[in-house]
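Breakdown of the fold
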Protein chains: 2
Amino acid sequence: MQELSLAEENYLKTIYHLSSAGQQQVSTNAIAQRLNTKPASVSDMINKLADKGVITHVKYQGVNITEEGKKIALHIIRKHRLWEVFLVNKLKFHWDEVHEIAEQLEHVKSPLLISRLDKFLDYPKYDPHGDPIPDEDGVISLKPRSILSELEIGTTCQLVSMKDTGDVFLNYLDKLGMKIGSKIRILDKIEYDGSMEIEIDHEKKVNISRQAADNLLVITE
Amino acid sequence: MQELSLAEENYLKTIYHLSSAGQQQVSTNAIAQRLNTKPASVSDMINKLADKGVITHVKYQGVNITEEGKKIALHIIRKHRLWEVFLVNKLKFHWDEVHEIAEQLEHVKSPLLISRLDKFLDYPKYDPHGDPIPDEDGVISLKPRSILSELEIGTTCQLVSMKDTGDVFLNYLDKLGMKIGSKIRILDKIEYDGSMEIEIDHEKKVNISRQAADNLLVITE
DNA sequence: CCTGTTTTTTAGATTAACCTAAATTTATTA
DNA sequence: TAATAAATTTAGGTTAATCTAAAAAACAGG
Ligand SMILES: [Mn+2]
Ligand SMILES: [Mn+2]
Ligand SMILES: [Mn+2]
Ligand SMILES: [Mn+2]
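Residues numbered from 1 in each chain as written. Chains lettered and ligands numbered in written order. Predicted model: local features only at pLDDT ≥ 70, side-chain atom pairs only at ≥ 80, totals over all residues. Heavy atoms only, no water.

**A closer look at the coordination of the manganese ion (ligand 3)**
The coordination sphere of the manganese ion (ligand 3) contains the protein donors B:Asn10 (OD1), B:Glu103 (O), B:Glu103 (OE), B:Glu106 (OE) and B:His107 (NE2), at a distance range of 2.1 to 2.5 Å. Between consecutive donors of the manganese ion (ligand 3), the numbers of intervening residues give the motif N-x92-E-x2-E-H. (Donors = N, O, S within 2.8 Å, 3.2 Å for Na, K, Ca; no water.)

**Observations regarding the environment of B:Gln61**
With respect to the helices and strands, B:Gln61 occurs in the loop between strand S1 (55–57) and strand S2 (63–65). In this structure, the C-alpha to C-alpha distance between B:Gln61 and B:Met1, residues 60 residues apart in sequence, is 27 Å. (Helix = DSSP H or I, 4+ residues; strand = E, 2+ residues; numbered from the N terminus.)

**Here's the deal with the packing of helix H2 (residues 28–35) of chain B against helix H3 (residues 39–51) of chain B**
All names here are of chain B. Two elements in contact, H2 and H3, have axes whose closest approach is 9 Å; the angle formed by their N-to-C orientations is 110°. Classified by the angle their axes make, H2 and H3 are roughly perpendicular. Along the contact surface, H2 presents Thr28, Asn29, Ile31 and Ala32, while H3 presents Pro39, Val42, Ser43 and Ile46. Looking at side-chain class alone, the contact of H2 with H3 contains 5 nonpolar, 3 polar and no charged residues. (Axes fitted to C-alpha atoms, helices over the stretch in contact; angles between N-to-C directions. Parallel < 35°, antiparallel > 145°, perpendicular 65-115°, else oblique. Contact = heavy atoms within 4.5 Å. Nonpolar A, V, L, I, M, F, W, Y, C, P; charged D, E, K, R; others polar.)

**Describing the sheet that holds strand S5 (residues 183–189) of chain A**
Residue and element names in this part refer to chain A. Strands sit in the order S3-S8-S4-S5-S6-S7 across an open sheet of 6 strands; the sheet is antiparallel. The sheet terminates laterally at strand S3 (146–147) and strand S7 (204–208), the two strands that pair on one side only. For S3 and strand S8 (residues 216–220), the ladder comprises 2 bridges, and the chain directions are antiparallel. Note that in S8 the partner of Ile147 across the bridge is Leu217. (Pairing = 2+ DSSP bridges.)

**So, the protein's contact with DNA strand C**
In the vicinity of DNA strand C lie 20 residues, with A:His57, A:Lys59, B:Ser5, B:Ser41 and B:Lys48 positioned nearest. Considering the 4 Å shell around the protein, atoms of DNA strand C inside it are sugar or phosphate in 75% of instances. One of the side-chain N or O atoms of A:Lys59 is found 2.7 Å from a phosphate oxygen in DNA strand C. One of the backbone N or O atoms of A:Tyr60 is found 3.3 Å from a phosphate oxygen in DNA strand C. Where the surface near DNA strand C is concerned, the elements lending two or more residues are helix H2 (28–35) and helix H3 (39–51) of chain A together with helix H1 (6–21) and H3 of chain B. Its residues assigned to classes, the surface near DNA strand C comprises 8 nonpolar, 8 polar and 4 charged. (Near = heavy atom within 4 Å. Polar contact = N/O pair within 3.5 Å; in protein donor to acceptor, adjacent residues only side chain to side chain.)

**With respect to the relation of the copies chain A and chain B**
After a rotation of 180° and a shift along the axis of 0.2 Å, chain A superposes on chain B with an RMSD of 0.1 Å. The superposition operator between the copies reduces to a two-fold rotation axis. Looking at the rotation axis and the C-alpha trace of chain A, the residue lying nearest is A:Leu105, at 3.7 Å. (Least-squares fit on C-alpha atoms with pLDDT ≥ 70 in both.)

**Structural notes on the protein's contact with DNA strand D**
Looking at DNA strand D, there are 21 residues lining it, with A:Ser5, A:Ser41, A:Lys48, B:His57 and B:Lys59 nearest. Among the atoms of DNA strand D lying within 4 Å of the protein, the sugar-phosphate backbone contributes 73%. Within the contact set of DNA strand D, a phosphate oxygen lies 2.9 Å away from a backbone nitrogen or oxygen of B:Asn29. B:Ser43 has a polar side-chain atom sitting 2.8 Å from a phosphate oxygen of DNA strand D. Looking at the surface near DNA strand D, the elements that each hand over two or more residues are helix H1 (6–21) and H3 of chain A together with H2 and H3 of chain B. It is H3(A) that provides the largest number of residues to the surface near DNA strand D, a total of 5 residues. Among the residues forming the surface near DNA strand D, the class breakdown is 8 nonpolar, 9 polar and 4 charged.

Dropping the structure here:
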């Protein structure tokens with residue numbers, strides 16, 4: 001995998017995001033807008049990235065990211081999202097404060113650092129915004145999400161998002177120590193009212209109502 | 001405090017290190033050697049840094065770092081050393097693997113990040129190489145080091161280095177879970193043989209011999 | 001399907017951080 | 001102390017990443 005400069009990495013990541021959002025073909029103007037640069041600067045960079053084989057380009061017709069480019073972009077995205085998890089879960093930042101810092105941290109180069117960080121964070125699958133974290137090979141395994149209340153006793157899963165995003169509910173989850181990325185094991189389900197006894201992050205055991213469990217989206221591992 | 005570029009930060013840090021090692025005046029060649037650049041490049045950068053007021057320079061006579069420059073340099077060094085502590089204590093890197101990574105991480109800009117990291121690491125005073133970590137104001141409080149065996153019962157201190165650096169001793173400490181930066185509280189001293197009962201990092205209680213305690217250098221807080 | 005508007009590229013500059021080679025200053029030592 | 005050697009600076013150039021202004025191509029509405 002090639003070594004790209006910081007600027008090249010930011011361009012490539014932006015092109016990846018734009019191409020997986022809209023339809024492949026990414027326009028010069030769209031890139032310029034995202035990166036707060038001028039279209040002329042983008043044209044320059046497009047040539048450089050095309051020379052390196054991470055995108056293809058037909059004059060006046062936008063760019064496409066190549067397989068190699070996609071792999072590199074996903075590797076940067078992996079680093080970005082892992083650092084975001086670190087900032088929120090370990091350093092206690094709020095999820096809306098971490099993007100800019102991760103934007104810097106994602107460029108740190110070290111073969112070992114990210115795998116150690118991944119382990120330290122206990123191999124999270126989603127970042128604090130609920131976006132999936134690609135694996136070491138750049139693969140995003142977007143397993144279908146389940147509603148917590150529908151899972152069986154004994155199942156282990158990871159919280160990925162909430163249906164109800166109201167303050168009251170989020171505060172309640174906060175009090176329980178539950179956040180996106182938390183590992184949940186279902187210890188028991190009470191037939192009477194549908195409430196559940198669960199274990200959060202291998203440490204805390206709590207009871208949650210049927211109503212709460214209906215609003216928690218998780219993936220099973 | 002000014003915003004310096006990555007290259008400027010590396011130059012300034014190098015100048016600080018060279019000037020606090022030898023006598024103030026730092027030569028162009030010495031800087032070039034440290035940074036693996038050419039003297040001509042150093043001359044360029046010297047002008048830039050002098051313009052910004054972080055060093056002073058008299059042609060053909062080397063540079064001196066100013067008070068402002070010192071403060072900035074110490075701030076970068078603080079970040080470098082805190083990241084080193086993170087890499088060793090949290091990500092389980094060995095102390096001789098972390099320098100290059102910290103060399104990159106030290107340049108991440110965020111007002112909050114470092115104070116949160118400092119807290120997360122429990123306000124370490126020394127990095128994994130035994131070098132002191134400057135505080136937020138860039139002050140290094142190099143308290144005199146004591147020998148553990150000479151402290152009183154009830155004292156809390158932090159391990160900063162070992163007199164005996166032989167493998168056997170270091171392995172023994174490793175087994176006890178004791179490393180540079182560990183907090184040690186003296187629970188009891190046995191008059192009979194001078195051995196001590198201590199608590200390591202607020203969790204583990206162990207007994208160490210007089211001989212071991214004689215070889216542990218600590219600072220009291 | 002022509003023509004005005006938008007998009008994209010090209011041309012030409014600038015700034016930061018380097019370099020080599022040559023000039024200049026300082027240091028050494030015969 | 002004069003000349004040789006070493007250190008430092010200057011001159012001139014390169015590459016990466018940006019910009020403005022102008023040219024060229026594509027698009028779109030009548
Ligand atoms: Mn970035
Ligand atoms: Mn995110
Ligand atoms: Mn550095
Ligand atoms: Mn160190």
